[in-house]
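Read off the chains here:
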Amino acid sequence: FEKNFYDPMKIVGLKRDWSPKIGLGGTYIGDKYPLCVDEPDKAFLRKGAKYRLIGSSRTPLLHDQNKWWIKHNNKFTFLNLNSTSALFSELCNGTPGSCNYQPVVTLESNIDCDSSHPECAVDELRIVEVESDPPVRYEYVKPACVNLAFYDNGKTIQFASVPHKALCAQADIPLAGNACCMYTQSWSQWPATSFCSYSAEKVTFATSQQRCANLDPAVMPEAGQCPWYGLTTPSGDYSNGGYECHQSSEDFWLWGSEDPCILQAKVSKTGTVAIVHNPVVNQLNGNDVFFTYINADLENTNFFKVAWDGENFPDPSNNCLGTSCTLLNGIECVCDVIIQEQLVFNTIPTVSDVISQLHVGGVDVAKFENGEYSLAESNGGVDVWHKGSSNYDQDTVFVASNKYYKNFRSDVQIDSSALSFRNPPQFLNPAVREPRDAIYETDAVLEHYFRHPNVAPFLALRLIQRFGLSNPSPQYVNAVATAFSSGSYSIFGQNFGSGEYGDLAATVSAIIMHDEARNPLLDADPTAGSFREPMVKIISFMRAMELEQAAIAPDLVLVDMQNRLGQMPHSSPGVFSFFLPEYAAPGHIKMASITSPEAQIMTGPKLVSFLNGVFSLVDIGLAKCFGGFGLETYYDFWCEHFINGFRNPEEKNRAFLRFQPSSTVASEIVDEIALLLTGGRLHLEARNLLIAAYEEAGAGEKLLAVQKLFTALPEYHSSGLVEAKTEARQEASQPVPTGDEYKALIFLSLRGGADSYNMLIPHSGCSGDNDLYEMYSSTRTGLAINKNSLLQINCTSSNQGCNTFGLHPNLGHLKTLYEDEDLLWISNMGVLQEYVDTSNWMQKTTATGLFSHYTQEVEVELTDMYDQQAGRGLGGRIVDILQRNGLTANSLSLAGNSEFLVSSFSQPILVDGGKIDKFDPMSDYPAHYNALEDKVKALNNITSLGSSIFTETWASILHRSLQENNLLYDALQSATLDTTFTDSSIGRQMEGVSKLIKTKAIRGVDRDVFYVAMSGFDSHINLNLSLDILLPQMNSAMAEFTAEMKAQGSWNSVVVVMTSEFSRTLTENTGEGSDHAWGGNYFLAGGGVNGGQILGEYPDSFDPNVDAGIMLEPGIVIPTTPWESMWNGVVRWFGITDAADLSEALPNIGAFPAEDMLTAQELFVDVPTDAPTDAPTDGDGGFNGDPVILGLQNQVFKFDGRDGAWYANLAIPRNKLQWNMQFKQFNSCPADANMFISSMSLSTELSSNSGILLVTTPEPIPECRENPDIVCLGDGTLHISFDGGKSFISKPGDYQYASRHRVVAHNTFGACSRKWHDYDISLNQKQALRDGGRRATVREKKPLQLLLEKRHAMIEPKECQAWIDDRTKQDDLFQQRGQWSTLYIEGPLVSFHVEYRRSDWFDKRCDFQSLDAWMTSVSSELEQTEWQGILGETKQKIYHPSSGEQIVSDRSQLLRGQDDADYEVDGPYGSSFAALQKQSTKKQHGFVKNAITSVIQSVEKSVVSS
C-alpha cells in the first residue's frame, strides 16, 4: 500500500508478494476462481468485458506502467480503434465526433472480430484510444482470474533492460513483449527488431513466434525471437530504442529461447515450498550476462505453505524422505516435479460435492461462441456444460449455487514419488505484478476471511464500540452478529436488510435499535457507555454550535490534530488505528476489567490541547492563536489583539460559531445547550454551576463562558451519567526529595518490532573457520548490510563467537558510546516463559501469544508472564516499591499511555513529546478575560459510587492533567538546555526528558522512570529503507541526550534501556522486508553503564542445522536471555535490592536459574556488592508460622505459610464479612513449593447459619469410595458444611441455606471449570483472557445461569472434551492439569467462584488438593463499606538495632505494626492496598475457625475408621 491522504489504501502491485497464499482449512487464496488460460480468445470482446473511462489520461490505474516513461516518451502509443469496429461503437455510444461516453461500459454480448480492426490482432488490451482529438481513452478491466503456480509449458522470458535477469513464464499467457532477429546473426550483434500493436504490449509465446515468422525473408532471413537489450522498430528507428513497443519498467520482459523452461520445488524442513526457475538464457557479449531473477533462483527464500496430500513431504532433516531430490545446504530439498492434471467427476455430482471437491472455478459459458459449450444435463441444483463433446472431461463446467466450477484438479508430484500437494493458484505473476491483480488478490483474501465464523462477532463488537458502547453484553454482540450473518434484522414488525451475509443495513439496524442501545435505564449502569473520540467531539461541537465558514476563507483546515488530539482522519500512527480496542484505562476501568479504547489517547497534554482549542474557537473563531485548531491567521505575538479589541477576529479568522439560544433566561440557555451537547444528561450540580457561571460573566461573555465550560463536562466526553458530590478533588502537593542520589531510567520502545539483527552484526575474528558474517549475509540476502559499511566494535572480552562486530552505519554515536564504555549490548534477548528450544517452544510458551505486536509489547512492558502483579507495568511496580520504601519516585511518559508505567499508587505524568501547553492561555490577559480553571475543576468534582466509571475516569484524568500542567509548565518553561535537539518525534521526546531531568530539584524527586517510543519499525517491506530513515533519528537523539546529560552533570545518573516487542526474521520476504520473529539485540546506555561489552549469547550460526536449538524457520531466533535477566541488574542499580521487592518487580524471575540473571555489577560500574537476599523460608514471616503474603491484586490472593496455619484473609467490615483460609503443606511436593489452601470459611453475616465451610480430605470418604454409582465432589475429597461443622455434604447439587444464600457445586473435567467462569461469560474479552487476564462478572452471565439444566449432574465428559479440543485448536485454553470441582457461592453481600483441584492422577510428583476463590460480585452496600482486615505479615527479616542479630521470636518486634496490623485494609472496595503502620485492635478469626476444625476432625475420624 502507498500512504497518501486522498487514497490511503492505494495498492502498489510491484510491492506485493507474488507467492501463493494458504487459506483456512487447507484451502488457498484464489480457490474457486477461474484460470486465466481458460478465458476465451479475445475475452475483451466477449460478454461481460468491462471498460473504464480514463479520459485523456495516458496513465492506467489497473496496469503497471512507468509514469515518467509515458510522460517523456513522445513515441508512446495506444491501440487506436477503427471507427467502423464494433468495440468503437460500444464505447463511443454514438457517432464519431458525437460520442456519448459512459464512465463504465460493460459488453452485453459477444462482439464479432474483423481482422482489419487492430483489437483483433492482439492477445490482451490495456488502454484503447477511441478518439484522438481530443484524446478519449478507456482502460480494459480484465476479470479476476488465477494461474497455477506450477506448470510444464514454461518458456524463458528475459528482462528488456539492465539488469539482464531471466525467469520462466507460462507460454500461453501474455506476459512478455516481442523482439525478432536473424538466427544466423551473431549473438554479439544487435539490435533486434520489436513488433507491437501498441506500447508495452504483452503477447503469448506463440504470438511472439508468429510475428517473427511472418517477417519478409528478404529482409530478415531465418528470423526468430531474441530478447536483446538493443531494440529497434520495424522502420529501423534505433535512435528511440524501440520505445514505441517497450517501456522502462520493472515488469517489461521479452520472450526468449524456444527450449523448455523448467520449474522445481524447493522444500524446507517445515514443508513450505519455494519455486525455483531454471531459465534457458542467451548470453550477451563480454560480461553482460543474463541471470535468474533473485526472487526465483536456487537460493531464494520465498517459501509459502502448501496443502500436502498427507503428512509426509521431502524432509531435508530426513534425507529428503528417500526421494531423488537434491539436498541443498543441508536444510532444503530441491525437487523435480511432475504436474498431474485430471478430471474429478465423470457423472453428475451433488451441489455439496461440487463445492467441496472442485477447487478451480469455471469461466462463464456465455462468453464462448454459440455452440462451443452445450448444456448436457441438470439435476439437484447442478447444471453440466460440456465443451465440444458429450463426455465428461477437464473442460466440463458445472454450475452450482450460481457459481461456475471446472471439472479439473491439478497436483504437483515430487518427481516419481508418491508425495504431492495440490497445485496452488496465484493472482500475481513473479514477472508481472499488475495493480489489478493485487487488488483482486486483496478482495479474495478479504472474502476468504470475511465468511469465517469469527468475523460476525468480531465486527459486531468493534462496530458497537464505535457506536458508543465499549463493553456490550454478550447478548447484544450476539444480536448484531446474527444480523450480520443472516443479513436481516427485525424489530417493531419491520425488517431491515437484504437477507445476504454481511448486509450492513441489517447490522447497523441491530446496533442502533437493540434494547441495549436504546434503553435509558442502562445509562445508570456504571459500566455502560464509552468515551467519545476526539474528532467526533470536535465536529459535533462545531455542528451543534453552528460553525459558519468566513467569507474570506477558501477552505476550512484543522491543523496538526493527530499530534494535538491523537486523532485525524487518514493520519493513523500505525496499522492498529489510533487506539487499541482492548485498552483499559488504569484505575476504576482497569479494576472493573472493562475496556475503554478511546482512553488510550486521553493523555493530559491532549486534554489540555482539546480544551485550549475549543476555548479559542469559541472566543475568536477558527485560528491558531491561543492553542486554536486553525491555520495561522495572525502573528502569535499579536494574538492579544483579538481579545483586547484592537483587531476584530472576523477580519482574519476562518470560521465562527453562530449559535444563539432561543431564550435569554440563564437556566433555559443551559438546558438548551445541555440537550445539544450532552443529550440532556447534565447532572444537577453541574447545571447549577453553569447557571452561576453564566450570570457571573460580563456582558458579551456569558454565552461564551457556558459554551467553553460545557466542553469540560464529563457528560460531554463520555456517554454515562454523573452523580457528583460537592467535595473537591484533592490537589497534589509538591513532593520533597529525601536527599538520596538522583537516578533516571529511560525506557526506549522501538514499536513495531525493530530489526535488531541489522543493528548488531557479526564482522570478523570469528572462532575457528566460522565466518559468521558470511552466514549472516547468505541468510539475510537482500537485507544484509554491506560488510565494508559496518561500524566496527571490539568485543574480544565478551565471550561471543566473533571478536569484532559491526553496528549499522547509521549508529555512529552508539559506536562512540560503546568505545567510551558507556553502552553495552545484550544479545538474543526476548520474552520467555521459561527456557525453550526448537523441540519444545510451542509447549512452553502457552502463557503468551508469540509474534503478536500487541501481546508481545504488553509482555515486554509488564514483564509479568503469569499476571502475578496483574494491572501493573514493570515501571509502575518499580515506582510503587520505591515509594513504599520512602523515596520520591515519579513515572513520566512522553509517548502517550503505556502499560509499562501503570502503577497502584500513582498515575504516570503524561507529557507529549516534552511539550507542555499552558492551560487556558488567554488567562494571561486578566484585564480582558476571566480564567476558567477553578470552574472546570468544580465541574469535575468527586463523583459518587453510582456515577459512570467513564465519567469518573474523565473527571479524574482531567483534574490530574490540570495539576500536572500547573506543576510542569512553569518548570519546563524555565528549563533551558545547552543542546539543540533534532526536530523528530524521538528528538522531541528526549529533549523533554532532558528538560524534566533538569527540573528534578523543582519537582522534588529522587527517581524518575521515563517512557519514550519510536514507531515505524514494522518493516514488512523496504526494511533497509525504513532503518535508513529511523536509525539516524534514534542515533541523533541519543547523541544530543548524551551531550545534554553531560552538560547537566547527570550522565552517570541515567540509563537508557532500548526495547522492542520482538526482532524480525533473518530471511527476506518478497517485499524486501522481514516479518515478526522473537529474540533480538538491545542496548543499555549511560555514564554508569559497564559498557564496551556484548552480553547474552549472540548466535554462533545462522544455520538451523548447526545451531538447531534456537533457529526456527523462517529465520526466527529463539531468545536465550529473558528480559528478567537484564532487569534484575537494572532494578538493583535503581535501588531495589530486597528479595521480596525483587519478586514483586520481577514475578517470573524464579523461572530461571539465579546464576543466569545479570547483576548490577555486570551492567554498571561502581556498584557495591549486594547483601545476601535469600528468599524467606518457611516460618520467616512471623510468630508461630503465620503465613506470608506473596501478592495481592484484583482480589486474587496467593499465600505462603506453615503447614496447617490458619489466617484471616479478609476480616469483619462492620461485622458483615469474614473470609478465612487454612494452608497445608503436602509432603510429596517440592520443598520450595507454595502451600496450598486446603480449607476455607466464608461468612457474610457472622451468624451461625450463614457461614459456609469448605474442607478437603487426603482420601475419599468411604461412602464415595465404596459405591461407584455415587457421584461425589472431588471423588469424595471435597466437603461443604452450612451448620458450623455439625454435618457435611460431599455431593454435587444446588443448595439453599440461611434464606438468602445459595451454593451450586459441580464436578468438572480439566479446564472446564474455566469454561464456566472465564470463557463462556466473557466472549468479548478473549484476547485479555488469552493474555492471562480476568474479567469481573459485571452484568454478565453467571455460572449459576449456565448450569440451570445440569444442576444435579456432572458436566458430561464428552461435552467438556469437545470444548477443550476447540480451545486447544484456537490456542485459547487455560491449561492446568488435574481433577477439578467448581462451586458458585451466592450471598446477599458478596458472591464467590471457588475452584477445587486435585493433582493429576498420572503425575504424582506433587500430590495436593487446592482451593482458590475469586469474588465475582460485590453488593453496593459492601462497596461502600470500609474494609478492614489483615492481609499478611511482613516478609522482611528484622534485625536488632544494637546487636545486629536477626530477630526470630519476638512477635512485637517482628511486625511493623501491632497485633497483625502490618498489611491492613482501610478503604472502600477496589482501593489500593498498602502496608499501613497503624495502631489497631486485635482481630479475631471468629467462630469459623472452631467450626471448620470440627469438620476436619469429623471427616478424619471417618477416614481413619474406614
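Residues numbered from 1 in each chain as written. Predicted model: local features only at pLDDT ≥ 70, side-chain atom pairs only at ≥ 80, totals over all residues. Heavy atoms only, no water.

Trainee: So, a negative patch on the surface: which residues are in play, and what are the values?
Mentor: Among the surface-exposed residues, E1097, D1100, E1155 and D1156 lie close enough to one another that they form a single negatively charged patch. Tracing the chain through its elements places D1100 in the loop between strand 40 (1094-1096) and strand 41 (1111-1112). For D1100, a relative accessible area of 45% puts it in the partly exposed group. (Patch = residues over 30% accessible without salt bridge, like charges linked within 9 Å, V, L, I, M, F, W, Y side chains within 5 Å. Areas by Shrake-Rupley, 256 points an atom, 1.4 Å probe, with all protein chains shown as cover. Salt bridge = Lys/Arg side-chain N within 4 Å of Asp/Glu carboxyl O. Lys, Arg positive; Asp, Glu negative; His and termini not counted. Charge placed at Lys NZ, Arg CZ, Asp CG, Glu CD. Helix = DSSP H or I, 4+ residues; strand = E, 2+ residues; numbered from the N terminus. Buried < 20%, exposed > 50% of the residue type's maximum accessible area, 1.4 Å probe, protein only.)

Trainee: Let's hear about the state of the cysteines: which residues, and what values?
Mentor: Enumeration according to the criterion identifies 10 disulfides in this entry. Across a sulfur-sulfur distance of 1.9 Å, C180 and C212 are joined as a disulfide pair. The sign of the S-S torsion, about -90°, decides the handedness of the disulfide formed by C180 and C212: left-handed. Taken together, the residues C180 in strand 9 (residues 180-182) and C212 in helix 3 (residues 205-213) connect sequence positions 32 residues apart. Among the residues examined, C180 registers a relative accessible area of 0% and is labelled buried. Sulfur-sulfur distance for the disulfide between C320 and C333 comes to 2.0 Å. Taking the sign of the torsion about the S-S bond as the criterion, the disulfide between C320 and C333, at about -100°, is left-handed. (Disulfide = S-S within 2.5 Å.)

Trainee: With reference to specific residues and values, describe the sheet that holds strand 5 (residues 135-141).
Mentor: Strand order in this open sheet of five strands is 2-4-5-1-3, and the pairing throughout is mixed. Two strands bound the open sheet, and with one partner strand each, they are strand 2 (79-80) and strand 3 (104-106). Pairing analysis gives five bridges linking strand 4 (residues 127-132) to strand 5, with the strands arranged antiparallel. Bridge assignment links V128 to a residue of strand 5, and that residue is Y138. (Pairing = 2+ DSSP bridges.)

Trainee: Pulling in residues and values, what's your account of the nonpolar core?
Mentor: Among the nonpolar cores identified, the biggest contains 127 residues, and W825, F1041, F1083, L1084 and W1127 are the most heavily contacted of them. Sort the elements by how many residues they give to this core and helix 26 (residues 1023-1048) lands first, with nine residues. Beyond its immediate sequence surroundings of up to four residues, W825 is in contact with M759, L760, L807, L814, Y818, M1058, N1081, Y1082, F1083, Q1093, I1094 and L1095. A599, F629, A693 and V936 belong to the second-largest nonpolar core, a separate cluster that totals 73 residues. (Core = buried A, V, L, I, M, F, W, Y, C linked by side-chain atoms within 4.5 Å. Contact = heavy atoms within 4.5 Å.)

Trainee: Please set out the environment of D393 residue by residue, giving values where relevant.
Mentor: Tracing the backbone through its elements, the reader meets D393 in the loop between strand 20 (382-387) and strand 21 (397-400). Through-space distance from the C-alpha of D393 to that of N346 is 7.4 Å; in sequence the pair is 47 residues apart. Excluding residues within four positions of it along the chain, D393 makes contact with L343 and N407. From its side chain, D393 meets the backbone nitrogen of D395 in a polar contact 2.9 Å long. (Polar contact = N/O pair within 3.5 Å; in protein donor to acceptor, adjacent residues only side chain to side chain.)

Trainee: Explain unusual backbone geometry to me, using residue names and the numbers behind them.
Mentor: The peptide bond linking D133 to P134 adopts the cis configuration, its omega dihedral lying at -5°. Mapped onto the elements, P134 comes out in the loop between strand 4 and strand 5. Phi is positive for C320, which is not a glycine, with a value near 60°. Along the chain, the position of C320 falls in the loop between strand 16 (291-292) and strand 17 (326-328). Judged by its relative accessible area of 1%, C320 is buried. The phi dihedral of N828 falls on the positive side, at around 50°, and the residue is not glycine. In this structure, N828 sits in strand 34 (residues 823-830).

Trainee: Give me helix 26: which residues, what numbers.
Mentor: Every α-helix carries 3.6 residues per turn, so stepping three or four residues along brings you back to the same face. Given a rise of 1.5 Å per residue, 26 residues ought to cover 38 Å, and the 37 Å separating the end C-alpha atoms of helix 26 matches this to within 8%. Of the residues one or two after helix 26, G1049 is the one with positive phi, at around 75°. (Expected span 1.5 Å × (residues − 1).)

Trainee: Account for the pattern of salt bridges, naming residues and giving values.
Mentor: When the charged atoms of two side chains with opposite charge come close together, those side chains can pair. With the rule as written, the count across this model stands at 42 salt bridges. A salt bridge links E201 to R211; the shortest N-O distance between them is 2.9 Å. Of this pair, E201 sits in the loop between strand 10 (192-193) and helix 3 while R211 sits in helix 3; the two residues are 10 residues apart in sequence, bridging distant segments of the chain. The same class applies to E201 as to R211, namely buried. With a shortest N-O distance of 3.5 Å, D309 and R409 are connected by a salt bridge. Remark: R409 occurs in strand 23 (residues 409-414) and D309 occurs in the loop between strand 16 and strand 17; sequence separation between them is 100 residues. Given the relative accessible area of 39%, D309 is considered partly exposed. Look at R409 and you get partly exposed, because its relative accessible area is 21%.

Trainee: So what's going on with the environment of N786? Residues and values would help.
Mentor: Mapping N786 onto the fold places it in the loop between helix 18 (772-780) and strand 32 (791-794). Given the relative accessible area of 46%, N786 is considered partly exposed. Taking the C-alpha atoms as reference points, N786 and P809, separated by 23 residues in sequence, lie 9.4 Å from one another. A distance of 2.8 Å separates the side chain of N786 from the backbone nitrogen of N788, its partner in a polar contact.

Trainee: Talk me through the packing of aromatic side chains; I want residue IDs and the actual numbers.
Mentor: The description of an aromatic ring pair rests on the distance of the ring centres and on the angle between the ring planes. For the structure on display, the rule yields 38 aromatic pairs. Geometrically, the ring pair formed by W825 and F1083 is edge-to-face, given 5.6 Å between the ring centres and 80° between the ring planes. Taken together, the residues W825 in strand 34 and F1083 in strand 39 (residues 1080-1085) connect sequence positions 258 residues apart. What makes W825 buried here is its relative accessible area of 0%. A ring pair is formed by W1133 and F1164, whose centres lie 4.6 Å apart and whose planes are at 5°; its orientation type is stacked. Of this pair, W1133 sits in helix 27 (residues 1123-1133) while F1164 sits in the loop between helix 29 (1160-1163) and strand 44 (1188-1193), placing them 31 residues apart in sequence. (Phe/Tyr/Trp six-rings, centres within 6.5 Å; stacked < 30°, edge-to-face > 60°.)

Trainee: Kindly report on the pairing of strand 30 (residues 743-750), identifying the contributing residues and their values.
Mentor: A regular strand carries its side chains on alternate faces of the sheet. Across the eight residues of strand 30, eight count as buried, placing the element largely inside the fold. Side chains K743, L745, F747 and S749 project from strand 30 onto one buried face, and the interleaved A744, I746, L748 and L750 project onto a second face that is buried too. The sheet contact formed by strand 30 and strand 37 (residues 1007-1014) spans eight bridges and is parallel. Bridge pairing in strand 37 places L745 opposite V1009. Across six bridges, strand 30 lies against strand 38 (residues 1054-1059) in parallel orientation.

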